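Per-entry structural report
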Amino acid sequence: METRAKRAKATETATKPRKDASKKPKAKAKRRKPSSSAKDDHRDKPKKPPTGFFYFLEDFRKTFQQENPNVKSMRDIGKACGEKWKTMSFEEKVAYYDIATEKRAEFEKALATYIKRKESGEFSEGSDDYE
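Now for a quick tour of the structure. Nothing here was measured: the structure is a model prediction, and the numbers come from that model.

**Considerations on the packing of aromatic side chains**
Inspection of the entire model under this criterion finds 9 aromatic pairs. Where Phe56 meets Trp85, the ring centres are 5.2 Å apart and the plane angle is 45 degrees; that geometry is what we call tilted. Of this pair, Phe56 sits in helix α3 (residues 52-67) while Trp85 sits in helix α4 (residues 74-87), and the two are 29 residues apart along the sequence. In this pair, the class of Phe56 matches that of Trp85, namely buried. Here Trp85 and Tyr97 contribute two aromatic rings whose centre-to-centre distance is 5.9 Å and whose plane-to-plane angle is 85 degrees, an arrangement assigned as edge-to-face. Separated by 12 residues along the polypeptide, Trp85 in helix α4 and Tyr97 in helix α5 (residues 90-119) bring together distant segments of the chain. The structure contains a cluster of three or more aromatic residues connected by ring pairs, namely Phe53, Phe54, Phe56, Phe60, Phe64, Trp85, Phe90, Tyr96 and Tyr97.

Below, the structure written as structure tokens:
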């Protein structure tokens, strides 16, 4: 016959969480930091130029702030700019696309020279040009 004490012990062990030795704590994923030589390589790499929309945004922000000096939120300015850009015709956007195309051509030339310099070994680890 089973006594109350035995039943209580059985339910206690059944309800207690067991520590399972086979389970290992999960390791957190670590982010790799770029090596110092990778940082040096990218220091002189030319940045991509902005698109035509960002050149429009630059002009629009100036005029919008002059017309609406009480609006300080970049969010509101960005929304108004996006709406204006969507309603503009292609002919109106062409001026900004042309600026972006010119800047893109300059970027491609600069990138080509950067790649040539990188391949020729001009960016070596031991160079003290930047310190």
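From this point, the narrative continues.
**What about α5?**
Taking 1.5 Å as the rise per residue, α5 with 30 residues should run 44 Å; its terminal C-alpha atoms sit 41 Å apart, in good agreement. Where α5 bends most, at Tyr96, the angle is about 30 degrees. Every buried residue of α5 is listed here: Lys93, Tyr96, Ala100, Phe107 and Tyr114. Note on α5: the residue one or two positions beyond its end, Gly121, has a positive phi of about 90 degrees.

**Topic: the packing of α3 against α4**
Where α3 meets α4, the axes come as close as 10 Å, and the angle between the chain directions of the two elements is 120 degrees. Of the possible angle classes, the one that applies to α3 and α4 is oblique. Considering how the two elements wind past one another, α3 and α4 form a crossing that is right-handed. Contacts between α3 and α4 involve Gly52, Phe53, Phe56, Leu57, Phe60, Arg61, Phe64 and Gln65 from the former and Met74, Ile77, Ala80, Cys81, Gly82, Lys84 and Trp85 from the latter. Residue composition of the contact of α3 with α4, by class: 10 nonpolar, 3 polar and 2 charged.

**A closer look at the pattern of salt bridges**
As enumerated under the stated definition, the model contains 1 salt bridge in all. Note that Arg104 is salt-bridged to Glu108, the shortest N-O span being 3.5 Å. Of the two residues, Arg104 and Glu108 both sit in helix α5, 4 residues apart, roughly one turn of that helix.

**A closer look at α3**
Given a rise of 1.5 Å per residue, 16 residues ought to cover 22 Å, and the 23 Å separating the end C-alpha atoms of α3 matches this to within 8%. Every buried residue of α3 is listed here: Gly52, Tyr55, Phe56, Leu57, Phe60 and Phe64. Looking at the packing, one finds that the buried side of α3 touches α4 and α5.

**So, the packing of α3 against α5**
Where α3 contacts α5, the two axes come as close as 8 Å, and the packing angle between them is 120 degrees. Taken as axis vectors, α3 and α5 run oblique relative to one another. Pair α3 / α5 crosses with right-handed handedness. Contacts between α3 and α5 involve Gly52, Tyr55, Phe56 and Asp59 on the former and, on the latter, Tyr96, Tyr97, Ile99, Ala100 and Lys103. Residues that form the contact of α3 with α5 fall into these classes: 6 nonpolar, 1 polar and 2 charged.

Conventions and cut-offs
Residues numbered from 1 in each chain as written. Predicted model: local features only at pLDDT ≥ 70, side-chain atom pairs only at ≥ 80, totals over all residues. Heavy atoms only, no water. Phe/Tyr/Trp six-rings, centres within 6.5 Å; stacked < 30°, edge-to-face > 60°. Helix = DSSP H or I, 4+ residues; strand = E, 2+ residues; numbered from the N terminus. Buried < 20%, exposed > 50% of the residue type's maximum accessible area, 1.4 Å probe, protein only. Expected span 1.5 Å × (residues − 1). Bend = angle between axes of the 7 residues up to and from the residue. Axes fitted to C-alpha atoms, helices over the stretch in contact; angles between N-to-C directions. Parallel < 35°, antiparallel > 145°, perpendicular 65-115°, else oblique. Left-handed = near helix turned anticlockwise from the far one by under 90°. Contact = heavy atoms within 4.5 Å. Nonpolar A, V, L, I, M, F, W, Y, C, P; charged D, E, K, R; others polar. Salt bridge = Lys/Arg side-chain N within 4 Å of Asp/Glu carboxyl O.

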